[in-house]
Amino acid sequence: MNESNVQVITIDDFITDEECDRLIELGGKQGDGRSADVGKMKCDGTFKEKTSKTRTSHNAWCTEECYKDDLVQNVLERIAQLTGIPDQNSEYLQLLKYETGQFYRAHHDYIEADKNRQ
């Protein structure tokens, strides 16, 4: 992917300050580990993680308490309405934290074992 061809769309005020603060709070509770890529397949069919060379962020997945939160559900519904994709057909919301100097570079998100998923 040529980075000069990347298109970004911004939507001002898509989430409220209250929703943003809540997502940051819940992301902190979930724990934020260093972003990882999918590594080699283990004998049980799951995959090892390997430290990402294209992303230096920390991330947390919005599961459990975060996912069930009323404010988060409002955000997820808004995302579903915007994209036309029901929430149950999406992965959990990923919350990323970048410190000064960290980066996100173009990379492929393809997992062979997931090729038949919706």
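Predicted model only: the values in this text are computed from it and were never measured. (Residues numbered from 1 in each chain as written. Predicted model: local features only at pLDDT ≥ 70, side-chain atom pairs only at ≥ 80, totals over all residues. Heavy atoms only, no water.)

Asks: What exactly am I supposed to notice about the nonpolar core here?
Replies: Proteins that are soluble and globular tend to have nonpolar side chains buried together. If you look at the biggest cluster of nonpolar residues, it comprises 7 residues: Leu23, Leu26, Cys62, Cys66, Val72, Leu76 and Leu95. Looking at this core, the elements with two or more residues in it are helix H1 (17-30) and helix H3 (70-83). Residues within four places of Leu95 in sequence aside, it is in contact with Leu23, Gly27, His58, Asn59, Ala60, Cys62 and Cys66. (Core = buried A, V, L, I, M, F, W, Y, C linked by side-chain atoms within 4.5 Å. Buried < 20%, exposed > 50% of the residue type's maximum accessible area, 1.4 Å probe, protein only. Helix = DSSP H or I, 4+ residues; strand = E, 2+ residues; numbered from the N terminus. Contact = heavy atoms within 4.5 Å.)

Asks: Mind showing me how you'd approach the state of the cysteines here?
Replies: Note: disulfide means a covalent bond formed between the sulfur atoms of two cysteine side chains. Enumeration according to the criterion identifies 1 disulfide in this entry. Here Cys62 engages in a disulfide with Cys66; their sulfurs sit 2.0 Å apart. Between Cys62 and Cys66 the disulfide shows an S-S torsion of about -95°. By sign, it is left-handed. Of the residues examined, Cys66 reaches a relative accessible area of 0% and is grouped as buried. (Disulfide = S-S within 2.5 Å.)

Asks: What's the story with the pattern of salt bridges in this structure? I'm lost.
Replies: Oppositely charged side chains are able to pair whenever their charged atoms sit close together. As enumerated under the stated definition, the model contains 6 salt bridges in all. With a shortest N-O distance of 2.6 Å, Glu19 and Arg78 are connected by a salt bridge. Separated by 59 residues along the polypeptide, Glu19 in helix H1 and Arg78 in helix H3 bring together distant segments of the chain. A salt bridge links Arg22 to Glu25; its shortest N-O distance comes to 2.9 Å. (Salt bridge = Lys/Arg side-chain N within 4 Å of Asp/Glu carboxyl O.)

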